Amino acid sequence: MIDETDIKILNQLQENSNLTTKELAVRVNLSTTPVFERVKRMEREGIIKKYMAVVDASKIGNSFMVLCNVRLKQHTRECSQEFVEAMAHYNEVTECFNVSGDYDYQIKVYVHNMNEYQSFVLNKLGLLTCIGSLHSTFVMGVVKQTNKVPVEK
């Protein structure tokens, strides 16, 4: 269970995971030892999963983002497993969600351009026997994009 201090720590770390324990302690108005212990506990409990750098896709030329909805041919364990295992290995896929509604999965794909996306569809997704159909939506602009999870009581 997390308390108000844990919430403050989590919110600070989500803003900047590079904070030292000392900097974090100042921001949550606590001494360093309890902050260190709280962070380690939340890491052990899996509340904090990992620390990462957020990369600006446009600065590295991978700013062509596609949201691709996927419908499987069959709803079998084997078909689903084939799809999930493939998504785990495709670097172009940054997120994959099992969703309800008309489609079974939604994936977020980053590539350099339309030609590269076409190659991804033909040479990777197209080789998966489990896929029944795809629907691609090309992102024209990003209004809000965050990895932050709302943490509050």
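For the structure itself, look to the data block above.
Nothing here was measured: the structure is a model prediction, and the numbers come from that model.

Engineer: When you look at the overall build of the protein in this model, what are you seeing that I'm missing?
Structural biologist: Across its full length, the protein carries 5 helices and 4 strands. The secondary structure elements of the protein, listed N-terminal to C-terminal, are α-α-α-β-α-β-β-α-β. What you see for the protein is a C-alpha radius of gyration of 20 Å, clearly larger than the 15 Å of a compact globule of 153 residues, by over 25%. By the burial criterion, 28% of the 153 residues in the protein qualify as buried. Counting only contacts in the protein whose residues sit at least 6 apart along the sequence, the fraction spanning at least 24 positions is 66%. In the form shown here, the protein has an accessible surface area of approximately 10600 Å², with 51% of it arising from carbon and sulfur atoms. The positive charge centre, built from 18 side chains, and the negative charge centre, built from 18, are 4 Å apart in the protein.

Engineer: Looking at this model, I keep getting lost on the pairing of strand 2 (residues 93-98). Mind explaining?
Structural biologist: Pairing analysis gives 5 bridges linking strand 2 to strand 3 (residues 105-111), with the strands arranged antiparallel. Across the sheet, C96 pairs through a bridge with I107, a residue of strand 3. Between strand 2 and strand 3, which pair antiparallel one after the other, the connecting turn spans 6 residues, and G101 there sits at a positive phi close to 110°.

Engineer: Could you clarify how one ought to interpret the environment of E23 in this entry?
Structural biologist: Looking at the element boundaries, E23 is found in helix 2 (residues 21-28). For the pair E23 and Q12, spaced 11 residues apart in sequence, the C-alpha separation works out to 10.0 Å.

Calculation notes
Residues numbered from 1 in each chain as written. Predicted model: local features only at pLDDT ≥ 70, side-chain atom pairs only at ≥ 80, totals over all residues. Heavy atoms only, no water. Helix = DSSP H or I, 4+ residues; strand = E, 2+ residues; numbered from the N terminus. Rg over C-alpha atoms; globule rule 2.2 N^0.38 Å. Buried < 20%, exposed > 50% of the residue type's maximum accessible area, 1.4 Å probe, protein only. Contact = heavy atoms within 4.5 Å. Areas by Shrake-Rupley, 256 points an atom, 1.4 Å probe, with all protein chains shown as cover. Lys, Arg positive; Asp, Glu negative; His and termini not counted. Charge placed at Lys NZ, Arg CZ, Asp CG, Glu CD. Pairing = 2+ DSSP bridges.

Everything listed here is a matter of geometry and, on its own, says nothing about what the molecule does.
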